[in-house]
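Residue-level listing of the chains:
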Amino acid sequence: MMKRPKAVVIDMKVILAAFYVFSVLAMWTASVTPAMRNTGNPLFFFKRHLVAAAVGLVIYFLCSRLVLKRLLPLTPWLHLFSLLLLFAVFLPRLGVEINGARRWIDIGFLRFQPSEWAKLTLILYLTASFHKEAGGYRRLGDHFSLNNYPLLMTAVTALLIFAGNDFSTSIVILVLYGIIYFVSGRNPKAVMFWASSALLTGLLVVLRGGGFRSGRLDSWLNYLFHGGPPAYQLRHSIAAFQMGGYFGRGFGSGAYKSLLPEAHTDFVFAVIGEEMGFVFILGLIALYLIMFYKLIRLSDESKHDYERYFLLLTGSLFAFQSIINMGVTVGLFPVTGMTLPLISYGRTSFLIFMALLGMVRSIEKDIMRRIA
Amino acid sequence: MNPRKGIHYGKILFALACAGYLIIAVRLLNIQVFQNKESRALTETRYQNVVENALASERRFQPLRGNIYSKNGHLLATTLYRYRIFADGSLIEPHEKERTLRLLSEVAGKEIKRISAGIENKSRYIPVIRRLDPGKAESVREKNESRGLFFRMDDPVRFYPSDTLGAHVLGYVNYAGQSTGVEKAFDMVLSGIDVTDIHELPADGADVVLTIDTNIQYFLEEALRWGYEQFSPLSVSGVIMDPATGEILAMGSYPSFDPNRFYDYAESDRIINRAIAHSFEPGSSFKLVALAASLEEKIVTEESVIDCEGGEINYKGEFIRDTMTNKKLTFPEVFQRSSNVGVIKLADRLGKEKLYYYAKLFGFTEKKSLELPSEAMCRIKDVRQWVPAELGTFSIGYGMSVNLLRLTAAYAVPANGGVLPELHIISRVDYPYSDSYHIKPVTIRRVLDKKTAERVRDILRSVVEKGLQDKASPRGVAVAGKTGTATKFDSVKRKYDRKRVVGTFVGFFPADRPQYVMGIMVDEPAGGGYASQFVVPVFKRAAENVARYSGL
């Protein structure tokens, strides 16, 4: 009897296991100083991350049993719910402000980031609506009519997130729309046009808009193109990488990590770079690429549009968010609050990615069944 | 795969992602691998203190004050972080108040009443103790049970690891940021740029590398201290410099102070750097000017004989005598026996314009010799205001005042072949983000012809050899130099007081190829006497160690 293939490329479990090992070890070394600084308990963040990792496994397991097709009709309501949550951030008792950004909701036992949750529901919602309307909106005019609910929803989501002072996530939301529009094969030229013009307008708004964002961007542009001094976090991040060299200073022996204000979240990549070195970093990048490649291969195998859309959106989010995070740590992007998927501390983000990958697994199982 | 148009959207996205990762990998290759070596070289010296300093702090928006290093690489001044304790009155429960107050008073060593009212009013921010040692702060943290006490290790304190060594050069920074010495002179580069907007970046201060060699500085200070104990004067000061480059290798004064405990010396004059901030009548050591001028102007040769008239002269109404009876002396003998009469006769032949011109050439009229603050200016009257007799008194070092550094620098001229070097105390400034700035030796002007300089050197050598019977020379090393003993002018009695003297000796060694110029000044030794008795031994003590250290 021929052995039935269980997965495309590499088994999801293997990739996830690798991510888990890296994530836990990275947290073990990177979160001590920030935890000491914030709470006085060196293992505070590490323990919480372990809990999130365990819960993530449960969520992954549950999501891998979901039938995506049955979920699709519910997605508008799910996304409306996340819009409500995004709005709730501004309510005085629920919303929490950290470092000038309103991104968290605190309901006693749990504090979470609705914008992460919105990424998940938006992906589902966009998948569902583009699947339903396959073949519609041939002309650009149609596209911007008020009847085009997906774009409207996306825009509202982005606006709400932007109002919570999270510029980068709102851009990611808009890019998700651009990607699905592109992937669904409608008028790719238009996508290019709108994407580039949106990018330019965004840049202009930020550059001319003043405030801390323009300050950050100015200092970053000055660093990248005029050789000026890098920003505070970036200075230490780059110094950390420089200390790393080929093989790093050894696990746990990094020194610059203590200087990074967000060593366990946004700058965990720099900590890994200092302690494990360039070669290991290449391995980590390869891991992200393998994951993305797996999703793309799955989408090739898939016969349903909705599966394709979902896989490509999830993969893009996974890949591009990691690229942005790495880019920030090496000074190629201005400093933003993006986590490194499946590695950084940031429990909402971690769980959302586990849920997305769980659903990917459910699609994979479906595809395997069909192949066999 | 898109069945409709045959476009592989997935592959396009994958290619985009690959491009993104590739760019990051190339960038990382650049940072981690190609910039790696460079950063290693930079880090081993800078890494230690910069990283450790920053580790110890939660410094975000304060620039880090630069360190001060000696020329031979010793850390002389750095910034450490101590604990700051503050309280939040609204978080301290009423029953905890007494206990907390007791605990804090215990560690502060005094009753803390001020915060009691703050706790009553539930004030949110009450500063309690600043600059607390980590050990004490940890013990308070352990004993503390209240939620309302906060400990932050972010209170910067300037720390001088070698205590009193080089204290007068370094100066200190007080808690209000006011400073003296190098700390003041280079405050602009050391302090960096502060920012108020949290999104801007503070620029850290640069490190300053001095020309001071800590070993030579130690030898000098040890000799000064010995001299102070031996002759119990008001103070003993000294300068050692490199005649070729004008670098100050050591400078100090005793009694000295500990810049780590600057607050103990608020009312004390120990913090005065007497090597530059004290001006005095030099007396015979100023005869260098007349000596050099006479040779350069060719009014005498070494064979000329000067009639010293038995050691007494009435020069244009001023009665001046020698310390010993001198009859007919050759030109070098005039200086070996330090004959005032002989020098005045030479000065008379030079004329006042020439003599003043040479004093000016030697740098005695410069307003500032060094970057350091609070230098006492040399007071030399303009030649047009001289009364006739002043030509005589000026030539033997009276009726004017100089500081020790200026006097020492003048002796660098014969030592280095006739040029006046620009003096400096720093050799390099290391900026955190740009190239280091090296200070290069600069010659101010040529004062003497090279031949003349050599002749002056030989005469000064003979002064030590014959006049002092080589009492100034360490074993095997020839010293050239000139003593000076000046009686002090009592401004109350309006006359010179023979009991109160200030003695100087400025010399350089080795005499044939001078590497060090050293000036020593002893102010009012208890027993009086001559410089050869109470200054030369100090010089010799320091010179012995320096000579051994540099392998002469």
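Nothing here was measured: the structure is a model prediction, and the numbers come from that model.

Conventions adopted
Residues numbered from 1 in each chain as written. Chains lettered and ligands numbered in written order. Predicted model: local features only at pLDDT ≥ 70, side-chain atom pairs only at ≥ 80, totals over all residues. Helix = DSSP H or I, 4+ residues; strand = E, 2+ residues; numbered from the N terminus. Buried ≥ 20, exposed ≤ 12 C-beta atoms within 10 Å, placed from the backbone. Contact = placed C-beta atoms within 7 Å. Core = buried A, V, L, I, M, F, W, Y, C linked by C-beta atoms within 7 Å. Pairing = 2+ DSSP bridges. Axes fitted to C-alpha atoms, helices over the stretch in contact; angles between N-to-C directions. Parallel < 35°, antiparallel > 145°, perpendicular 65-115°, else oblique. Nonpolar A, V, L, I, M, F, W, Y, C, P; charged D, E, K, R; others polar. Left-handed = near helix turned anticlockwise from the far one by under 90°.

Peer 1: Explanation requested: the overall build of chain A in the structure shown.
Peer 2: Tallying secondary structure elements over chain A gives 15 helices and three strands in all. Counting all 372 residues of chain A, 49% fall into the buried class. Sequence-distant contacts, at least 24 apart, represent 68% of the contacts inside chain A between residues at least 6 apart.

Peer 1: I tried to follow the overall build of chain B on my own but got confused; where do I start?
Peer 2: Looking only at helices and strands, one finds 19 helices and 20 strands in chain B. Within chain B, the proportion of its 552 residues that are buried is 47%. Taking the contacts inside chain B whose residues are at least 6 apart along the sequence as the reference set, 72% of them involve residues at least 24 apart.

Peer 1: Would you mind showing me how to read the nonpolar core here?
Peer 2: Note that soluble globular proteins tend to have their nonpolar side chains buried in a common cluster. Of all hydrophobic cores here, the largest spans 125 residues; its most connected members are Val 182, Leu 210, Ile 240, Val 289, Leu 355, Phe 362 and Phe 539 of chain B. Counting residues per element, this core draws most heavily on helix α16 (residues 404-415) of chain B, which supplies nine residues. Once you skip the residues sitting within four places of it in the chain, Leu 355 of chain B turns out to touch Val 289, Ala 290, Ala 293, Ala 347, Leu 350, Leu 391, Phe 394 and Ser 395 of chain B. Formed by 110 residues, the second largest nonpolar core is a distinct cluster that contains Phe 46, Val 172 and Val 271 of chain A together with Ile 31 of chain B.

Peer 1: Sorry if this is basic, but what is going on with the sheet that holds strand β20 (residues 516-523) of chain B here?
Peer 2: Strands in a sheet are paired, the pairing made by backbone hydrogen bonds, and the direction either parallel or antiparallel. Residues and elements named next belong to chain B. Spatially, the five strands line up as an open sheet ordered β7-β6-β20-β19-β18, and their pairing is antiparallel. Looking along the sheet, the strands with just one partner apiece sit at the ends: β7 (248-254) and β18 (480-490). Recorded for the sheet is a direction-independent mean angle of 10° between the axes of neighbouring strands. Sheet strands touched by α16: β6 (235-241), β18, β19 (495-509) and β20. Its angle to β20, the strand with the most contacts, is close to 150°.

Peer 1: Help me understand unusual backbone geometry in this model?
Peer 2: Among all residues save glycine, negative phi is the norm, and among peptide bonds the norm is trans. Residue and element names in this part refer to chain B. Between Tyr 254 and the following residue, Pro 255, the backbone shows a cis peptide bond with an omega angle of 5°. Phe 509 connects to Pro 510 through a cis peptide bond whose omega is -10°. Within the secondary structure layout, Pro 510 lies in the loop between β19 and β20. A positive phi angle is found at Ser 338, which is not glycine, with a value near 50°.

Peer 1: Is there a simple way to think about the environment of Phe 182 of chain A in this case?
Peer 2: With respect to the secondary-structure elements, Phe 182 of chain A resides in helix α9 (residues 167-183). As for Phe 182 of chain A and Met 192 of chain A, which are separated by ten residues in sequence, their C-alpha atoms are 8.6 Å apart.

Peer 1: Would you take a moment to explain the pairing of β7 of chain B for this structure?
Peer 2: On a regular strand, each side chain points to the face opposite its neighbour's, so the side chains alternate between the two faces of the sheet. Residues and elements named next belong to chain B. Most of β7 sits out of view: seven of its seven residues are buried. In this structure, β6 lies alongside β7, joined through six bridges in antiparallel fashion. The residue bridging Gly 238 from the neighbouring strand is Gly 252, located in β7. As consecutive antiparallel partners, β6 and β7 are separated by six residues, and within that stretch Gly 246 has a phi angle of approximately 80°, a positive value.

Peer 1: Sorry, what's going on with the packing of α16 of chain B against helix α17 (residues 450-467) of chain B here?
Peer 2: Packed helices, taken two at a time, are described by their axes: the angle between them and the distance between them. All names here are of chain B. Two elements in contact, α16 and α17, have axes whose closest approach is 7 Å; the angle formed by their N-to-C orientations is 115°. On the basis of the axis angle, α16 is roughly perpendicular to α17. For the pair formed by α16 and α17, the contact residues are Val 413, Pro 414 and Ala 415 on the first element and Ala 453, Val 456, Arg 457 and Leu 460 on the second. For the contact of α16 with α17, a count of residues per class yields six nonpolar, no polar and one charged.

Peer 1: Can you help me understand the packing of helix α6 (residues 114-132) of chain A against helix α15 (residues 347-371) of chain A in this one?
Peer 2: All names here are of chain A. Running from N to C, α6 and α15 cross one another at 15°; their axes reach a closest spacing of 9 Å. On the basis of the axis angle, α6 is roughly parallel to α15. For α6 against α15, the interelement crossing comes out right-handed. Contacts between α6 and α15 pair Glu 116, Trp 117, Lys 119 and Leu 120 from the former with Thr 348, Ser 349, Ile 352, Ala 355 and Leu 356 from the latter. Residue composition of the contact of α6 with α15, by class: five nonpolar, two polar and two charged.

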